[in-house]
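Here are the chains, one letter per residue:
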Amino acid sequence: DSSAPTIARQVLISDRDRHVIALGCNALGGSDQDKLLIRWSSQESATDWTPTATNTSGDLLVGNGSQIVQAVETRREVIVITDMSVHSLQFIGPPFTFGINQISSGTTIRGPNAAIAVGDSVFWMGRDRFYMYDGQVKPIPCPVLDTVFQTFNNTQGDKVFAGSNSSFGEVIWFYPSSAGDENDKYVVYNYSENVWY
């Protein structure tokens, strides 16, 4: 479909309501990327991107930040993280389809793979601390914070990759240390026991 986005920072499918969502994409009829624009296709369609009175496609603009860095879907919403804020994107039904609310400001994220959802919680690595969202955004107290960030290769921060091991209640971040340009270290947060290693 010629109305579909041709460039996007991230594309995902909302499991709950079955829309294809493009984040940080070009506007309908445009070719320039808007790093804060969110567009979605009509429900149950990957090709119908032109809003009409008979479909559910549409768009909206994130109101804070200079770019969307990552979006993560939980069971009830999509958490959209910009370089300066966190937003909740929720399906609200016709005629608007989706609504967005800012839930935090003054937060950061390391890169496009630095966040992970576990159930209805989201964990991510920021520029100088770790965060979680469980209905509200808050920093996670971390006794190994200096060990991680004083040896972090800031020029390779986009390579941070988050994962989870839900069998043991853990989230893990692989990251590049100042000793190299690739991910050569990791840090684990056990959210079940509230311990780091």
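Cut-offs applied
Residues numbered from 1 in each chain as written. Predicted model: local features only at pLDDT ≥ 70, side-chain atom pairs only at ≥ 80, totals over all residues. Heavy atoms only, no water. Helix = DSSP H or I, 4+ residues; strand = E, 2+ residues; numbered from the N terminus. Rg over C-alpha atoms; globule rule 2.2 N^0.38 Å. Buried < 20%, exposed > 50% of the residue type's maximum accessible area, 1.4 Å probe, protein only. Contact = heavy atoms within 4.5 Å. Areas by Shrake-Rupley, 256 points an atom, 1.4 Å probe, with all protein chains shown as cover. Pairing = 2+ DSSP bridges. Salt bridge = Lys/Arg side-chain N within 4 Å of Asp/Glu carboxyl O. Phe/Tyr/Trp six-rings, centres within 6.5 Å; stacked < 30°, edge-to-face > 60°. Lys NZ or Arg CZ within 6 Å of the ring centre and 35° of its normal.

## Notes on the overall build of the chain
A count of helices and strands for the chain gives one helix and 16 strands. A compact globule built from 197 residues would reach a C-alpha radius of gyration of about 16 Å, and the chain, at 18 Å, matches this within 12%. With the principal axes as the frame, the chain shows a C-alpha extent of 55 × 30 × 25 Å. Evaluated residue by residue, the chain yields a buried proportion of 49% over its 197 residues. At a minimum sequence separation of 6, the contacts of the chain that also span at least 24 residues come to 40%. Accessible area of the chain: about 9,600 Å², with a carbon and sulfur share of 48%.

## Concerning the pairing of strand 1 (residues 10–14)
Note that strand 1 and strand 2 (residues 19–23) share five bridges and pair antiparallel. Bridge assignment links Ser14 to a residue of strand 2, and that residue is His19. The turn linking strand 1 back onto strand 2 is made up of four residues, and Arg18 within it adopts a positive phi angle of 60°.

## A look at the environment of Ala117
Within the secondary structure layout, Ala117 lies in strand 9 (residues 115–118). Here Ala117 falls in the partly exposed class, since its relative accessible area comes to 24%. Through-space distance from the C-alpha of Ala117 to that of Gly163 is 8.8 Å; in sequence the pair is 46 residues apart. Among all residues touching Ala117, those that are not within four sequence positions of it are Val72, Glu73, Thr74 and Val122.

## Quick notes on the pattern of salt bridges
Taken as a whole and assessed by the stated rule, the structure comprises five salt bridges. Across the salt bridge formed by Asp120 and Arg75, the nearest N and O atoms sit 3.7 Å from each other. Taken together, the positions of Asp120 in the loop between strand 9 and strand 10 (121–125) and Arg75 in the loop between strand 5 (68–73) and strand 6 (78–82) put the pair 45 residues apart, joining distant regions of the chain.

## Remarks on the packing of aromatic side chains
Within the structure shown, the criterion is met by 13 aromatic pairs. Aromatic side chains Phe123 and Tyr191 sit 5.3 Å apart centroid to centroid with 25° between the ring planes, which places their arrangement in the stacked category. With Phe123 in strand 10 and Tyr191 in the loop between strand 15 (183–190) and strand 16 (195–196), the pair connects residues that are 68 residues apart, well separated along the chain. Aromatic side chains Trp173 and Trp196 sit 6.1 Å apart centroid to centroid with 20° between the ring planes, which places their arrangement in the stacked category. Placement of the pair is Trp173 in strand 14 (residues 170–176) and Trp196 in strand 16, with a sequence separation of 23 residues. Take Trp196: its relative accessible area is 12%, and that puts it in the buried class. Aromatic ring contacts, followed pair by pair, group Phe123, Phe130, Phe149, Phe152, Trp173, Tyr175, Tyr189, Tyr191 and Trp196 into a single cluster. Across from the ring centre of Phe152, 4.0 Å away, lies the NZ or CZ of Arg110, which sits over that ring.

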